Amino acid sequence: MLKVLITGGSGLVGSSIKNIVKENNDNEYIFLSSKKCDLRNEVSVDTFFNECKPDIVIHLANVVAGLYGNINNNYKMLVDNVKINTNILEACKKYKIKRLINILSTCVFGNDLNYPLTSNQMYDKMPDSSNEGYSVSKRFLDTGSKLLTRCSKLQVVNIIPTNLYGLNDNFNLHEGHVLPALIHKCFIAKKNLEERLCKSSDSFNSIGNTSCKLIIKGLGKSLRQFVYAHDLAKIILHFIDCKLEKQFNQLIVGPPVKDEISIKELVNKIVKIFDFNGEIIYDSNFQEGQRKKTVDDSELLTYIPDFKFTPLETGLKKTIDYFIDNYDTVRK
C-alpha cells in the first residue's frame with residue numbers, strides 16, 4: 001500500500017480524486033488543504049512531511065484566480081506560487097519521495113507558436129502578460145522538478161492540462177476561471193430576468209435593466225479547450241503506480257483539436273442549458289487574455305492509448321446541475 005499525499009486536496013481536482021478513490025482501499029490518500037498547512041511556509045511544509053512521510057505526492061495546490069485576478073495580482077501569483085513549489089520540491093528531496101505528479105497549465109506557453117502545442121515548446125516564448133506571474137511560477141515548477149530528477153531517484157510526471165471545470169469548482173464572479181464564472185453570471189441574469197418579468201410591466205421595464213442581461217467581458221473571440229476535472233483525476237490516478245520508462249515525464253492533457261471552441265460558443269452552450277432568453281452583451285472594454293492555446297490529445301495517448309474525454313455538453317450539464325442544486329454552499 002502506498003501513502004499518497006495530495007496538496008490542494010479540497011479544490012476542484014482534489015475533490016474529483018476523492019470521489020473516485022473513496023471506495024478504493026489499495027492506497028492511503030491524504031488530502032491536504034490550506035487550512036491544515038500553509039505551503040508557502042517552509043517550516044510548516046517540512047513539519048507536515050515529517051509527520052506524514054508520504055511515498056507519492058500529487059501537487060495540485062497553488063494560488064490561483066481567473067483572468068482578471070491574474071492581471072491584477074501578477075506579482076503575488078509569482079511570489080506565492082514560487083514559495084509553494086520550492087517548499088514542495090525541497091520536501092520531496094529531503095524525504096526521498098518516490099514519485100511527484102505536478103499539475104501545470106497551458107498558460108505556460110507563449111503566443112503564436114506552432115499549433116497544436118507540444119510540451120517541448122514551453123520555453124520558446126514568454127507567456128502572455130495577462131498571467132505572466134502564474135505562468136512563470138509553473139515554468140519554475142517544471143524546471144525545478146526536472147533538475148531534481150538529476151540529483152535524486154525521484155520520478156516526476158508533469159501534467160499540462162487545458163482549462164479545467166467541474167463539480168466543486170470556484171464559481172466566484174471575479175476570481176473564478178472563465179467557465180464557472182460564466183455559469184454563475186448566467187444563473188444570476190436568468191434569476192433577475194424571471195423576477196422582473198413577474199412584476200407589472202407598468203411599474204418596471206425589464207428590458208432596460210442591466211441586471212437582467214448577461215454581460216460578458218471581452219468579445220468572446222478567444223479560443224479554448226476544456227477538460228472535465230473528473231477526467232483529469234482519472235489520468236492523475238493512472239500515474240500513481242504505472243510503470244514509467246523515463247525518470248522525468250511531461251505531457252499535455254487536452255481534448256482533440258476539433259473540441260476547441262470560442263468563448264462566445266461556450267456562452268451559447270451555457271445559455272442553452274439554462275434556457276436563458278435575455279440579452280447577451282459583449283463588452284469590448286475588457287481584455288480577453290491569450291488568443292489561443294490549441295493542443296491535441298497525442299501526448300496523453302502515448303501514455304494512455306484508449307483514453308476518452310467527457311464531451312463538453314455532458315460535463316457542462318453535470319456542472320450546471322451541481323451548481324444549481326448546491327448554490328447555497330458552492331465556492332463563490
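Residues numbered from 1 in each chain as written. Predicted model: local features only at pLDDT ≥ 70, side-chain atom pairs only at ≥ 80, totals over all residues. Heavy atoms only, no water.

**Student:** Just checking my understanding: could you explain the overall build of the chain for this structure?
**Tutor:** Counting its secondary structure elements, the chain contains 10 helices and 12 strands. The C-alpha radius of gyration computed for the chain amounts to 21 Å, which stays within 12% of the reference 20 Å derived for 332 residues, consistent with globular compactness. Reported as C-alpha extents along the three principal axes, the dimensions of the chain are approximately 75 × 40 × 40 Å. In the structure as shown, the chain presents an accessible area of about 15900 Å², 50% of it carried by carbon and sulfur atoms. (Helix = DSSP H or I, 4+ residues; strand = E, 2+ residues; numbered from the N terminus. Rg over C-alpha atoms; globule rule 2.2 N^0.38 Å. Areas by Shrake-Rupley, 256 points an atom, 1.4 Å probe, with all protein chains shown as cover.)

**Student:** Would you explain the packing of helix α4 (residues 74-94) against helix α5 (residues 132-150) in this entry?
**Tutor:** If you want to describe how two helices pack, look at the angle between their axes and the distance between the axes. Close contact between α4 and α5 brings their axes to 7 Å; oriented N to C, the two are set at 15 degrees. Classified by the interaxial angle, the pair formed by α4 and α5 is roughly parallel. Taken as a pair, α4 and α5 cross one another with a handedness that is right-handed. Contacts between α4 and α5 involve Asn74, Met77, Leu78, Asn81, Val82, Asn85, Thr86, Leu89, Cys92 and Lys93 on the former and, on the latter, Glu132, Gly133, Tyr134, Val136, Ser137, Phe140, Leu141, Gly144, Ser145 and Leu148. Class assignment of the residues belonging to the contact of α4 with α5 gives a composition of 10 nonpolar, 8 polar and 2 charged. (Axes fitted to C-alpha atoms, helices over the stretch in contact; angles between N-to-C directions. Parallel < 35°, antiparallel > 145°, perpendicular 65-115°, else oblique. Left-handed = near helix turned anticlockwise from the far one by under 90°. Contact = heavy atoms within 4.5 Å. Nonpolar A, V, L, I, M, F, W, Y, C, P; charged D, E, K, R; others polar.)

**Student:** What is the right way to look at the sheet that holds strand β10 (residues 248-253) in this model?
**Tutor:** Within a sheet, adjacent strands bond to each other through the backbone by hydrogen bonds, running parallel or antiparallel. Reading across from one edge, β2-β1-β3-β4-β5-β10 is the order of the 6 strands in this open sheet, with parallel pairing throughout. Edge positions in the sheet fall to β2 (28-32) and β10, since each has one partner strand and no second. Between one strand and the next, the sheet's axes are offset by a mean angle of 15 degrees, whatever the strand orientation. Note that strand β4 (residues 99-103) and strand β5 (residues 155-161) share 5 bridges and pair parallel. (Pairing = 2+ DSSP bridges.)

**Student:** Where do I start with the nonpolar core in this structure?
**Tutor:** Looking at soluble globular proteins, one finds that nonpolar side chains tend to be buried together. Within the largest apolar cluster, 33 residues are counted, with the highest numbers of intra-cluster contacts made by Leu39, Phe49, Cys92, Leu100 and Phe109. When residues of this core are traced back to their parent elements, those giving at least two are β2, α2 (42-52), α4, α5, β5 and β10. Element by element, the count of residues in this core is highest for α4, at 5 residues. Once residues within four sequence positions are removed from consideration, phenylalanine 49 is found in contact with Leu5, Pro54, Val57, Ile88, Ala91, Cys92, Tyr95 and Ile97. (Core = buried A, V, L, I, M, F, W, Y, C linked by side-chain atoms within 4.5 Å. Buried < 20%, exposed > 50% of the residue type's maximum accessible area, 1.4 Å probe, protein only.)

**Student:** Got a minute to help me understand the state of the cysteines in this structure?
**Tutor:** What is meant by a disulfide is a covalent connection between two cysteines, made through their sulfur atoms. All chains considered together, the criterion is met by 0 disulfides. Cysteine 212 provides the cysteine sulfur closest to cysteine 186, a residue in no disulfide bond, and the two sulfurs are 13 Å apart. Residue class for cysteine 186 comes out buried when judged on its relative accessible area of 0%. Not engaged in a disulfide, the cysteine cysteine 242 finds its nearest cysteine sulfur in cysteine 92; these two sulfurs lie 17 Å apart. (Disulfide = S-S within 2.5 Å.)

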